[in-house]
Amino acid sequence: MMSSAIGRLRIAGMLEGISFVLLLFLAMPLKYGLGMDMAVTITGAVHGGLFILYMAAVLFVWIQRRWPVPRAMIAAVVSIIPFGPFVFDKSLRKEEEGSAPHSAIGM
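Here is what the cut-offs are and how they apply
Along each chain, residue indices are assigned from 1 in the same order as the chain's sequence is written. For this predicted model, a pLDDT threshold of at least 70 governs which residues receive local features, and a threshold of 80 or more governs which side-chain atom pairs are given and counted, while totals over whole chains, interfaces and linings are taken from all residues. As a convention, hydrogens and water are excluded, and side-chain values are obtained from all of the structure's heavy atoms. Helix and strand definitions follow DSSP, with helices as H or I runs of at least four residues and strands as E runs of at least two, each counted in order from the N terminus. Polar contact criterion, stated in full: a pair of N or O atoms within 3.5 Å, where within protein one must be able to donate a hydrogen and the other to accept it, and residues adjacent in sequence count only if both atoms are side-chain atoms. Note on definitions: a residue-residue contact is assigned when non-hydrogen atoms from the two residues lie within 4.5 Å. We call a set of buried residues a nonpolar core when its members are Ala, Val, Leu, Ile, Met, Phe, Trp, Tyr or Cys and they connect through side-chain atoms within 4.5 Å of each other. The classification of residues rests on relative accessible area computed with a 1.4 Å probe and restricted to protein chains. Under 20% of the type maximum is buried, over 50% is exposed, and intermediate values are partly exposed. Note: the arc covers the axis-to-C-beta directions of the helix. The criterion for an aromatic pair is that two Phe, Tyr or Trp rings (for Trp, the six-membered ring) have centres within 6.5 Å, with stacked assigned to planes under 30 degrees apart, edge-to-face to planes over 60 apart and tilted to the rest.

Caption draft 1: Here's a closer look at the side chain of Asp89. Its place among the elements puts Asp89 in helix 4 (residues 84–97). In this structure the side chain of Asp89 is engaged in a polar contact, spanning 2.7 Å, whose partner is the side chain of Arg10. Sequence-distant contacts of Asp89, that is, excluding residues within four places in its chain, are made with Arg10 and Met14.

Caption draft 2: Quick peek at the nonpolar core. Ranked by size, the top nonpolar core spans 14 residues in total, and within it Leu9, Tyr54, Val61, Trp67, Ala75, Phe88 and Leu92 carry the most contacts. Counting only elements with at least two residues in this core, the list comes to helix 1 (5–34), helix 2 (37–65), helix 3 (69–77) and helix 4. When near neighbours in sequence (up to four residues on either side) are disregarded, Val61 contacts Ala5, Ile6, Leu9, Arg66 and Trp67.

Caption draft 3: Region of interest: the environment of Pro68. Counting through the fold element by element, Pro68 comes out in the loop between helix 2 and helix 3. Residues Pro68 and Gly17 lie 51 residues apart in sequence; the distance between their C-alpha atoms is 23 Å.

Caption draft 4: Spotlight on helix 3. Within helix 3, the full set of buried residues consists of Arg71, Ala72 and Ala75. Around the axis of helix 3, the buried residues are gathered within 100 degrees of arc, so they sit on the same side. Residues of helix 3 that are buried sit in contact with helix 2 and helix 4.

Caption draft 5: Structural view of the packing of aromatic side chains. All chains considered together, the criterion is met by three aromatic pairs. With centroids separated by 6.2 Å and ring planes inclined at 25 degrees, the aromatic side chains of Phe25 and Phe83 adopt a geometry described as stacked. Linking Phe25 in helix 1 with Phe83 in the loop between helix 3 and helix 4, this pair joins segments that are 58 residues apart in sequence. Classification of Phe83 as partly exposed rests on a relative accessible area of 43%. Centroid distance Trp67 to Phe88: 6.5 Å. Interplanar angle 85 degrees. Geometry classified as edge-to-face. Of this pair, Trp67 sits in the loop between helix 2 and helix 3 while Phe88 sits in helix 4, and the two are 21 residues apart along the sequence. You can call Trp67 buried: its relative accessible area is 4%. Overall, the relative accessible area of 1% leaves Phe88 in the buried class. Members of the aromatic cluster, each reached through a chain of ring pairs, are Phe25, Phe83 and Phe86.

Next up, the structure:
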């Protein structure tokens, strides 16, 4: 999986998606429900770094694989939707396996 740009994008997407879900559904309730501000500080910083890593991976795949602009835009937008990277991963897996050509939407 780490041997291809798509594989690295998939891993970055999974890590970014997990960090976003943890931020929304664990850290935020801890902050606003129990007053544990540090939960958001730590989780938010980790998520921010993983978000930048994911966007860099999208940019790299867009250039290397010559993705159409709409596909790259969708790859970027799914990162701000909870569970979006997990749904988008299905089309990335198909593309990585070579079973489906990359389409604009690919979902």
